[in-house]
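This is what each chain is made of:
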Amino acid sequence: MKFARLKRVALRALPFVLIFSMLLAVLFFPKERASSEAETRVVRIWNVDTFEGGKGSRTAFLRSVARNTEKKHRGVFILLESYTLEGAEDAFSKGEFPDLISYGIGLSAFAERCIPLPYPSTGGKVGGACFAAAWCRGEYSLFSLDGFDGEGETVISEGGNNLPVLAAAYAGLKGERMEASVAFHAFLSGKFRFLLGTQRDKFRFEARGIAVSTKPLPRYCDLYEYISVLNAERAEDAFFFLDELFSKQTEEKLSSIGMLPPESEAGVRLPSAFSERSALGNLSEMAERGEDIKNIDKFLKTV
């Protein structure tokens, strides 16, 4: 299993991670450090959306970060491309990989190529080392047109590799699962009193001028967008980009795409960034058949 092999690599590499991280901090992070190389170095970044975002485009957001990086580091050119999950997996099967990749859960074929990162990111840790750093996140919420007093039927919106049925289980809710746009319209038509959805639904309501009551569901979240470095030879230039991506200035702009900073409250459950789709499917089935939450907990990480 790819994840198990990555864990063995992490355990062997762990004694060197601290030294590696310190070197990165000294060599790569100072913003005033300009490249001594005159030639252009191309850094390839892929963005793969595996779950619905908020509004706008995460690829466009990353491109703006790339342009800011290029302005600060002469000679660095960042080529950022958007891939579907299927397109990325097809490229991997042909031996094609980018230097960095931005992604959500359900895409793990590149896991063994990841190098350690000096960031605290629970979902991206393997064997004590971080191989995937979350740069933004969404959130699950329960929506209602008439408040939350009393009972009613719930529709669960599904729109990617994320597992809203687990968000429902951790909130003590059950409901009918539907594709995101179908669930949204079924809720508006009055077929369901409650909608369990994400940040995307929040902006669907706003775009239509519909006032709704919103109750965040914070106990479980898998709506994290991660980034990993896959090419050690491009590490210096890759960390120029990551320095910009994780800056306070960039974090303050996340609201422009309807996403939140990656930090979560303590106690939030989440799957590994490298979870394979088969494992996610098993978790979904456990929640659907009403498996005890304590059993589901065993397969998740806790912030």
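Structure report, in brief. (Residues numbered from 1 in each chain as written. Predicted model: local features only at pLDDT ≥ 70, side-chain atom pairs only at ≥ 80, totals over all residues. Heavy atoms only, no water.)

Structural notes on the overall build of the protein
To be explicit about the condition: Only DSSP runs of H or I with at least four residues qualify as helices, and only runs of E with at least two residues qualify as strands; both kinds are numbered from the N terminus onward. Residue exposure (1.4 Å probe, protein chains only): buried if accessible area is under 20% of the type maximum, exposed if over 50%, otherwise partly exposed. In this analysis, two residues are considered to be in contact whenever any of their non-hydrogen atoms come within 4.5 Å of each other. Note on areas: Shrake-Rupley, 1.4 Å probe, and residue coverage restricted to the protein chains presented here.
Each helix and strand in the protein was counted, giving 10 helices and 14 strands. A total of 303 residues make up the protein; the buried ones form 50% of that total. In the protein, of all internal contacts separated by at least 6 residues, the share reaching a separation of at least 24 is 80%. Entry remark: accessible area of the protein is about 14100 Å², with carbon and sulfur atoms responsible for 52%.

Some points on the packing of helix 2 (residues 58-72) against helix 7 (residues 235-245)
So the rule is basically this: Fitted lines through C-alpha atoms give the axes, limited to the stretch in contact for helices. The angle between two N-to-C directions lies from 0 to 180 degrees. The crossing is said to be left-handed when, going from far helix to near helix, the turn is anticlockwise and less than a right angle, and right-handed when the turn is clockwise. The nonpolar class holds Ala, Val, Leu, Ile, Met, Phe, Trp, Tyr, Cys and Pro. Asp, Glu, Lys and Arg form the charged class, and all remaining residues, Gly among them, are polar.
Remark: helix 2 packs on helix 7, axes separated minimally by 9 Å, with the N-to-C direction vectors making an angle of 115 degrees. In this structure, the crossing between helix 2 and helix 7 has a hand that is right-handed. Here helix 2 contributes L62, V65, A66, N68, T69 and K72 to the contact with helix 7, which in turn contributes F240, F241, E244 and L245. By residue class, the composition of the contact of helix 2 with helix 7 is 6 nonpolar, 2 polar and 2 charged.

Re the packing of helix 5 (residues 180-188) against helix 6 (residues 199-208)
Applied cut-off: Every angle not falling under 35 degrees, over 145, or within 65 to 115 is termed oblique; those three ranges are roughly parallel, roughly antiparallel and roughly perpendicular.
The contact between helix 5 and helix 6 brings their axes to 11 Å, and the two run at 55 degrees. It follows that helix 5 is oblique to helix 6 by the angle criterion. Every pair of crossing elements has a handedness; the one defined by helix 5 and helix 6 is right-handed. Taking contact as the criterion, the partners of A180, F184, H185, F187 and L188 in helix 5 are, on helix 6, D201, R204, F205 and R208. Class assignment of the residues belonging to the contact of helix 5 with helix 6 gives a composition of 5 nonpolar, 1 polar and 3 charged.

Considerations on the sheet that holds strand 7 (residues 141-144)
Strand pairing within a sheet occurs via backbone hydrogen bonds; the two strands may be parallel or antiparallel. Using the following cut-off: Strand pairing is assigned whenever DSSP identifies at least 2 bridges connecting the two strands.
Spatial ordering of the open sheet is given by 9-8-10-7-11, a layout of 5 strands whose pairing is mixed. Lying at the two open borders of the sheet, with one neighbouring strand each, are strand 9 (176-179) and strand 11 (213-216). Within this sheet the neighbouring strands show an average axis-to-axis angle of 25 degrees, counted without direction. Contacts from helix 5 reach strand 7, strand 8 (154-158), strand 9 and strand 10 (194-197), with the element oriented near 120 degrees to strand 9.

So, the packing of aromatic side chains
Heads up, the condition is: By convention, a stacked pair of Phe, Tyr or Trp rings (six-membered ring in the case of Trp) has centres within 6.5 Å and planes under 30 degrees apart, an edge-to-face pair has planes over 60 apart, and any other such pair is tilted.
The tally for this structure, following the rule as stated, stands at 16 aromatic pairs. For the pair F61 and W135, a centre-to-centre distance of 5.8 Å together with 10 degrees between the ring planes defines the contact as stacked. Of the two residues, F61 sits in helix 2 while W135 sits in strand 6 (residues 133-137), which places them 74 residues apart along the sequence. Centroid distance F184 to F205: 4.9 Å. Interplanar angle 45 degrees. Geometry classified as tilted.

What about the pattern of salt bridges?
Between side chains of opposite charge, pairing is possible as soon as their charged atoms come close. As a reminder of what qualifies: Only one rule defines a salt bridge in this text: a Lys or Arg side-chain nitrogen within 4 Å of an Asp or Glu carboxyl oxygen.
Enumeration according to the criterion identifies 17 salt bridges in this entry. With a closest N to O distance of 3.5 Å, K248 and E251 form a salt bridge. Of the two residues, K248 and E251 are both situated in helix 8 (residues 248-251); the distance of 3 residues between them amounts to about one turn of the helix. The exposure class assigned to E251 is partly exposed, which follows from its relative accessible area of 25%. Across the pair R289 and E291 runs a salt bridge, and its minimum N-O distance is 3.2 Å.

Describing the pairing of strand 7
Of the two faces of strand 7, the one carrying S141 and F143 and the one carrying L142 and S144 are both buried. Relative to strand 10, strand 7 runs antiparallel, the two sharing 4 bridges. Across the sheet, residue F143 finds its bridge partner in strand 10, namely L195.

Here's the deal with the sheet that holds strand 1 (residues 41-48)
Strand order across the open sheet formed by 5 strands is 2-1-3-12-6, with mixed pairing between neighbours. Edge positions in the open sheet fall to strand 2 (76-83) and strand 6, since each of these has one partner strand only. Taken pair by pair, the neighbouring strands of this sheet meet at an average axis angle of 20 degrees, ignoring direction. Inspection of the sheet shows strand 3 (residues 100-103) paired to strand 12 (residues 224-229) by 4 bridges, in the antiparallel sense. Within strand 12, the position partnered with S102 by the bridge is I227. Running over the sheet, helix 2 touches strand 1, strand 2, strand 3, strand 6 and strand 12 and is turned about 175 degrees from strand 2.

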